[in-house]
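# Per-entry structural report
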Amino acid sequence: MPGTRPEESEAVTAESLEVLSGFEAIAQVERAICGRAVSRSPAEAEGLALAGLRAASLSDGAATARGGPIALASVSCVHHVRGGAGCEPLGAFELAAASVQAAIDHSLAAHRLSGELGLPGLCSLDPSLGERLSLARMPGSELLADALGAGDKPAHEAGGEGLVDRAQGVLRSVAERTGRPLDLVDRSGDDGAELAMIGWGAGAARAREVVRTLGKGGVPARAVSVNLARPFPTRAVRDALAGARTVFVVEATDASDGLLEHVRNAVDDGSAIHRVSPSRLLATVAERLPEGAFDPERLTPRPRRSDRRLVVLPAGPWGDETARRLAAIMGRLGPLRLGRRLRRRRGSTVLAWESDALAERSRDLLVAADPALLGPRALRLLRPHGAVVVVSPADSSDEFARLLHPEIRALLHERDLRVFWVAPPEVAECEIGGEVDAASSFALAGGALAALSSEGEPPSAEAAERAAEDLEAEGRGDAARWLREGARRTRCVECEALAPSRHLEEVDFRPAPTLPRLPEPVDDPEERERWAARIRRFHRTGRLTSGAGSRRPSRAAALDILAGAAVGHRQHPFVLVPPEAPEAETAARGLRDVLGEAVAAVQADGREARVLLDNLERLTFLASRLVARGACGVRLGRLLGEAGRRLAGELELSEEGERALSDDLTELRRRVPGDGMVFDLRSDMPLHLYLTLLESVRAPLAQRFLKEIEKLRERLRDLLQLDRMGSREGRTADALAATLGSTGAERLDPEALARTLPAGPGSEPLAPARRRRIRQTLRILERHLKQPEALPRVFLLRPPGIRLSVPPCEQQEHANPLAAAVGLFDGLAQRMVTVLGAARVARLEAEGHYRPELHDEPLAALDWEALTAEELNLLPAVAVVTSGRRLREGEQAPLSELLRSSRPVHVIVQDRVGAADEAQDLSRFHMDLGYLVMAHREALAVGSSLARPARLTEDLLRAARALRPAVILVSIPALRPTSWRPLLAEAALQGRASPEFRYDPDAGSSWADRFDLRDNPQPERAWPVHTLAYLEDGVEKTLDVALTFADAVAHEPAYARHLQIIPRVAWDDTQLPLADYLERANPEGREPWVPYLWLIDGRGILQRAVVTRALAMACADRRRGWRVLQELAGYENVFAQRAAAEAHAEAELRRGELVREHGEELDRARREGAHESMERLAAVLMSPDGLAAAAPAPVRPVVGLPAEAPVAAAAAAEPAPIEEAPEEETLSFDEPYIDSALCTTCNECTELNGRLFHYNADKQAFIADPAAGTFAELVKASELCPARCIHPGKPRSDDSTATPELIARAAAFN
Amino acid sequence: MYGLKTDWPEEAPPSYFTLDDYAGQVPRWCPGCGDHAVLTAVQRLCRDEQLEPEKSVFVSGIGCSSRLPHYMKAYGFHGLHGRAFPVASGIRARRPDLNIFVSTGDGDCCAIGAGHWVHAIHNNMKMVVLLFDNNVYGLTKNQTSPTSRRGQKTNTHPRGAWLDPIDPIQTTLGITNVSFVAQTVDWNPPHLLATVKAAHHHPGLAFVRVVQRCPHFPTEAVERLRSDPTQLLLLDHPDGIEVDEAVKKAFKRREAHDPADLDAARVLAGRADGLPVGLLYRNESADRYDLYSVDGLATPRKEKIEALREELNRYRI
């Protein structure tokens, strides 16, 4: 086995021996070192490292060269590079492994070295070695602790020989602990030989192999394996190659900075140095040796011919039968010896045979009835190059391989076992002796014969044919048929399908797919009327033509309406009150409103506050300016103080006026929430606000947790103290003296006290395991209490290019923040979980509820997923801030991965609307990020706008409380003057460029509960419609204007090229307002209309500006995006409309039926009524007195009353049969009894006769056995009983104590 | 995914305490003593309410009744004569999470401990007080107790007690801030148990006088009550002690009494035509001193010292 040195590993302890592929072994070692396996993504590993944990990632050389994860400082981060040594000089050092075992040892050394340097490094392992299965010694926990324990002291000394010496020390230190030699270079072979080979990685492995081969052939040679590839250990190599006349550098590449150059630099004694590729090494060396000195052919191992093994994996009762049948069939091909080695081994039947006929080509063979039966143990019964035959319903090699466990695939691949599968025969065709499975076994036998005689594709059926002929000669034609069929059905599995890389964790660094693009406008060749043609050409191409008006619009009419309404201005700046306990409804309010109400309150208290009232607007303006120029988020109290001072400085007031203003300002400050935070509309405001709200949510919980664990600490200390005091040690004189203190020790004699105190145990002592657990828990809690802020409460990751000045929080710039966030959260969570787990133990221990059998295992496996909601709130919050542009361009993959990971990482996306680069490529808008997030279902998705601070605050608060992934998309207006921002933010919201929405998985069980679109302006419409009032020829007119996406961005210079003023003379009916145009436009763009926007110029005159088709289509795209949201929210839901229409039609139909029935019934009633009236009238007229006939007619039954009703009513009226009450049992007073409920437990009776009187579960007496006592005792007990609840009854006939006198005494109690 | 691992077995496995789990030493009271009935009632209360033994503490002074802590398998404090109340108050002040029971006798409570009795009632700290009243000093072999009737012949007054007895119920009802006063008899276990349960659920100091007999020195007054059911007056009210109708039948006389009416309770307590049995008075909103005393109990020592230092720093010398 490569890398295994059994003779050297005898001294190794605390290690386990396992068969693993190289990369699996590395993954296991890293899990043992880092607490988790090698990370898939370097960024994730980096996140873990940021959280202060060791981390490693498995990546190929190219990916490592692309990214900069290794460039991090102060990170203990080891990367296993698949691309071979020397691919890129990244990291402080690089170790190259020549075997899997060396790679494992290198992991230990690299972590140790990284820890000492405070820098990451590389470990490399050639892919051919990494995918191969090897027997490897895995380090145990003791060895890990020993080997890594001293490596956590960053020294920050890197480079040059200093690092080489340090690396040598570390490598030797690991070697001492593992018992395996490990140095800068490893030597093997004859140390004094003149022929030397040197290599690293796979080259070194080949050099060693060749040196061994040469040694067997009597040629002395030495091999040198370079472990430290960078910095190159020149001195060590020089020493290792000293005296060598010929040096072969085993290296596949011819890079200028390869091993050859290093060796030439190191060896300067005139040795001949040749580079040779690993595959040509032996041949090259043989060529250069004197003739006859070495014959490679002589050393080529020959296959052993005899003692082959046949392993049959039984499936059901026919396994042994199959084995025998196979043996019999193969016995026909030559002498087959059975007997001594025929045995069952771990459920397998093992046969040995020797067949001269197949000697050269036969191989160990394993036959299995099902792929599931294949196991590593059975496979290891085969020597390498054997074969496996399996019955499997597969159609292709790949499909068959998928049926195998990855470990089995790897083992098959590693041991070079050829694999054949036999398609199973249909059961219905099996007619051999009634044995259903005989067909399968013969098919297997056929396959086995074909496999034995096959060296490759396709398997030869010659042997099977010979065996079949023999069977036919015996008259067993059916068996021969199945044998041939089996051979025919046999297929060989392609080796690629078994490659172990299929089941290894593969690193995927593929870039995200490019975004879809909207179709480009096409040229319109149609030439019509001149102006119309120019306008149309501009609309379609966006190219300005000479003669066309090039004046830019001053303002979109819709925007003018918004500006007139001053929609956003009253809301900015706004006050968050109070941040410590924000309530969603009243959390954020405009500063103007807050100050206005406060002044009104001052006046309501009887103060005139005239100066303040007159200058309130000015005060608000000054405060707003201070906020705009200062840091984001200032305290309202402080702000008012400063603004008030400036106001007083501006006003030239008399002394009295100044005093009045000062008093008024004091009153004003008293009435506003002084600790409220004031925020202005700026791009970093959402982040400030989020962090402020997060702090308000989490800080009280953290404080509460600290107080709780303080109490738990005291409780655990008490437990230990009590245990110590109750123990023998706690009762010694010294311990008692310490307990008594100096004063107490003076008055009491501790020695005497120690002798006096009882020696026996008082309280039960703690079990040793429990004591250990309590001490360990106490240590963790105390450590946390000493440094409660050791972990940051909030960790913010940001990409390069986003500058932030945020409140105090840990923040880090990262190239791929979304990918790193997962690792960072895991790392921080893992550290906090230790404390939370200890708190759980402490709670259980404090109450005495800890049960090792119940709690040990879950606590050992505790991770963030098992935490409660309250505990999750105590984990450090990880937030990522990024931009909408980055997300659209290439961060979808890490975002999706993050959302699917369920980790409560919150992503704040600053989505800038109207940016110049977006105007260049309008298809950027196509991707709705919110919809993308919602598609992940379990993440909180919020779209919010700076235009509505109250809603934004509510959303951010919801996110701050969310214990799930959350993405908050905040629309940020383009960089424009401050006074424009509220207007532009509002325009972006209304133009559906960034609609407000909320998808909260916690909000309810139905989509309608979870999704909310209500806060958008006019959510039922495609675009909000506003009414514009204007003057034309002195007449006031109105115009309904829809605010589209084009209106929202019309002011941006970057969009100016999409608009062109239409001279008024060119206005005609082929021009449509953009909203109408979008209703009518067809995809081909062959409509006769051109769209325009309403503008207002500086003089207030209406203008039309034609819109390019590109911008119009961008608007259509926004409208479609909005329409999707509308449908999700139930606006104009087509399904609902269809259902309503159907219901309406059905109701109409029913109504018609009812009307018809009603008419018919009415007619019938009229007819019958008339008939009856006539009959009664005739009867009255014809009867002598008229009275009898005048009696009321019998009442007709009510129409529709069920016919059963009268019967049921009658039945109900009938009296129910009276059930006979069970006859009460006649009480007899002949037997003694006790009225137990009255017993006072006074013990009188039980002491009198404990067998006669017993206590029940309520500790009250009853007569347990009347025969156990005498009548005299019963009477005596009755007389003694203070509750008089014992009734002696009558004496038994055989009771001799029953005297008449006693019976008379007893009568009083019966 | 978060939320998958929800089967965390943090809760302790369910346990059930039986009467035996509360049984301490074997009682050494005389057979026939009413104390047994009280002990059984308390144990049944603990069992029915599943009170954790380690969360219950029984405090007593000196006397037959005061041996009760020995017979309960829980925490116990067999204190000095008459000092059960201050000990129990101290425990309540520092460990508000415990169930506290005080067992005291007519001598322990009404003679040497009378001062503490008055203040304990006044402080109204949550606990259950069981006054074992047999009208005689039984443990010390028949001496006059504060509740002995006039004329009762004892070793200290062979010709009969000279004075009328102290009535513990009347006395308790006369103390400011009294919140729960009930009276029962040992020979009616269902009523006794129901009374003790009501006392346990009361959010203040519940004072229960249990009239009981001494088997060795039975007094005429108790014997008369025990042998003649007409001597007992059952107080009946929806807010009173809840017992079954069958239990009520054991009482020949009933009278409606609203336990919220303190004046009526005082009148009832003074009546000579029968012993009122049941709940005389209850006021759940009476002030409790323990609620003030536990304030700040959870403050860590470090913070307390810091606060103290800050307070003292305000004074300059």
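Residues numbered from 1 in each chain as written. Chains lettered and ligands numbered in written order. Predicted model: local features only at pLDDT ≥ 70, side-chain atom pairs only at ≥ 80, totals over all residues. Heavy atoms only, no water.

## A short note on the overall build of chain A
Assigned secondary structure in chain A consists of 49 helices and 42 strands. Taken over 1310 residues, chain A has a buried fraction of 49%. Of all intrachain contacts in chain A linking residues separated by at least 6 positions in sequence, the fraction that spans at least 24 positions is 72%. Carbon and sulfur atoms form 51% of the exposed surface of chain A, whose accessible area is close to 62,800 Å². (Helix = DSSP H or I, 4+ residues; strand = E, 2+ residues; numbered from the N terminus. Buried < 20%, exposed > 50% of the residue type's maximum accessible area, 1.4 Å probe, protein only. Contact = heavy atoms within 4.5 Å. Areas by Shrake-Rupley, 256 points an atom, 1.4 Å probe, with all protein chains shown as cover.)

## Let's talk about the confidence of the model for chain A
Close inspection of predicted coordinates is inappropriate for parts of the model with low pLDDT. Residue and element names in this part refer to chain A. For chain A, the mean per-residue pLDDT works out to 75, and 73% of the residues sit at or above 70. Overall, residues 502–525 carries pLDDT values under 50, and its contacts beyond four positions in sequence, including any with other chains, amount to 48 contacts. Long-range and interchain partners of residues 1187–1228, a stretch whose pLDDT sits below 50, account for eight contacts in this model, where long-range means more than four residues apart. (pLDDT = per-residue confidence, 0-100.)

## Re a nonpolar patch on the surface
Residues and elements named next belong to chain A. On the surface, a nonpolar cluster with roughly 510 Å² of combined accessible area is contributed by Met1174, Leu1177, Leu1181 and Met1182. Inspection of the secondary structure assignment puts Leu1181 in helix α44 (residues 1134–1182). Residue classification places Leu1181 among the exposed positions, given a relative accessible area of 65%. (Patch = residues over 30% accessible without salt bridge, like charges linked within 9 Å, V, L, I, M, F, W, Y side chains within 5 Å. Salt bridge = Lys/Arg side-chain N within 4 Å of Asp/Glu carboxyl O.)

## Notes on the pairing of strand β8 (residues 195–199) of chain A
All names here are of chain A. The element β8 is extensively covered by neighbouring structure, given that five of its five residues are classed as buried. Strand direction decides the pairing type here: β8 and strand β11 (residues 246–250), joined by five bridges, are parallel. The partner of Leu195 across the bridge, within β11, is Thr246. Summarising the sheet, β8 and strand β9 (residues 222–226) pair through four bridges and their orientation is parallel. (Pairing = 2+ DSSP bridges.)

## Describing the sheet that holds strand β26 (residues 810–813) of chain A
All names here are of chain A. Spatially, eight strands are ordered β26-β25-β27-β28-β30-β29-β31-β32 in an open sheet, and the strand pairing comes out mixed. For this open sheet the edge positions go to β26 and β32 (1011–1012), each flanked by a neighbour on one side alone. Sheet topology places strand β27 (residues 877–883) next to strand β28 (residues 906–913); five bridges connect them, and they run parallel. By the bridge assignment for β28, Ala879 is matched with His906. This element, helix α38 (residues 949–961), spans β28, β29 (940–945), β30 (966–973), β31 (997–999) and β32 of the sheet and lies at about 155° to β29. Helix-sheet contacts for helix α39 (residues 981–990) involve β28, β29 and β30, and the interaxial angle to β30 is about 125°. (Axes fitted to C-alpha atoms, helices over the stretch in contact; angles between N-to-C directions.)

## Considerations on the packing of helix α8 (residues 202–216) of chain A against helix α11 (residues 281–288) of chain A
Each pair of packed helices gets described by two things: the angle between the helix axes and the distance between those axes. Residue and element names in this part refer to chain A. Between α8 and α11, the least distance of the axes is 10 Å, while the angle of their chain directions is 45°. Considering the angle they form, α8 stands oblique to α11. Helix-helix and strand crossings are classified by hand; for α8 and α11 the assignment is right-handed. Listed contacts from α11 to Arg206, Ala207, Val210, Thr213 and Leu214 of α8 are Leu281, Leu282 and Val285. Of the residues assigned to the contact of α8 with α11, the class counts are six nonpolar, one polar and one charged. (Parallel < 35°, antiparallel > 145°, perpendicular 65-115°, else oblique. Left-handed = near helix turned anticlockwise from the far one by under 90°. Nonpolar A, V, L, I, M, F, W, Y, C, P; charged D, E, K, R; others polar.)

## Some words on the pattern of salt bridges
Side-chain pairs of opposite charge can arise where the charged atoms are in close proximity. Residue and element names in this part refer to chain A. All told, the structure shown has 73 salt bridges over all chains when counted by the stated rule. Notably, a salt bridge pairs Arg235 with Asp165, separated by 3.4 Å at the nearest N-O pair. With Arg235 in helix α9 (residues 234–240) and Asp165 in helix α7 (residues 160–178), this pair connects stretches of sequence that are 70 residues apart. For Arg235, a relative accessible area of 46% corresponds to the partly exposed category. As a salt-bridge pair, Arg484 and Glu472 come within 2.9 Å of each other at their nearest N and O atoms. Here Glu472 lies in helix α18 (residues 462–473) and Arg484 lies in helix α19 (residues 477–489), a separation of 12 residues in the sequence. On the accessibility criterion, Arg484 (28% relative accessible area) is partly exposed.

## A short note on helix α25 (residues 636–650) of chain A
Residues and elements named next belong to chain A. Here α25 spans 21 Å end to end across 15 residues, near enough to the 21 Å set by a 1.5 Å rise per residue. Those residues of α25 not exposed but buried are Leu636, Gly637, Leu639, Leu640, Gly641, Ala643, Gly644 and Leu647. Elements that come into contact with the buried residues of α25 comprise β21 (574–576), α22 (591–604), α24 (616–629), β23 (634–635), α26 (655–671) and β24 (677–679). (Expected span 1.5 Å × (residues − 1).)

## What about the interface of chain B and chain A?
Chain B puts 33 residues into the contact, and the matching count from chain A is 42 residues. The interface formed by chain B and chain A contains two salt bridges. With its nearest N and O atoms 3.5 Å apart, the salt bridge here joins Arg44 of chain B to Asp1258 of chain A. Applying the counting criterion to the chain B and chain A interface returns eight residue pairs in polar contact (both at pLDDT 80 or more). For the side of chain B that touches chain A, the secondary structure elements donating two or more residues are α2 (35–49) and α8 (189–201) of chain B. In terms of residue count, the dominant contributor to the side of chain B that touches chain A is α2 of chain B (seven residues). Of the residues belonging to the side of chain B that touches chain A, the class tally is 17 nonpolar, five polar and 11 charged. (Polar contact = N/O pair within 3.5 Å; in protein donor to acceptor, adjacent residues only side chain to side chain.)

## Looking at a negative patch on the surface
On the surface, Asp239, Glu242, Asp258 and Asp261 of chain B cluster together into a negatively charged patch. Assignment of secondary structure puts Glu242 of chain B in the loop between β9 (232–236) and α10 (245–248). (Lys, Arg positive; Asp, Glu negative; His and termini not counted. Charge placed at Lys NZ, Arg CZ, Asp CG, Glu CD.)

## Quick notes on unusual backbone geometry
Between Arg230 of chain A and Pro231 of chain A the backbone carries a cis peptide bond, its omega angle lying at -10°. By the secondary structure assignment, Pro231 of chain A is in the loop between β10 (228–230) and α9. Of note, Thr1241 of chain A is a non-glycine position whose phi angle comes to about 60°, a positive value. Relative to the helices and strands, Thr1241 of chain A resides in the loop between β39 (1233–1234) and α47 (1244–1248). Non-glycine residue Gln50 of chain B carries a positive phi angle of around 50°. Mapped onto the secondary structure, Gln50 of chain B falls in the loop between α2 and β1 (56–60).

## Side note on the side chain of Arg773 of chain A
Residues and elements named next belong to chain A. With respect to the secondary-structure elements, Arg773 resides in helix α30 (residues 768–786). Owing to a relative accessible area of 15%, Arg773 belongs among the buried residues under this scheme. Look past the residues within four positions of Arg773 in its chain and what remains in contact with it is Val841, Glu845, Tyr850, Pro852 and Asp856.

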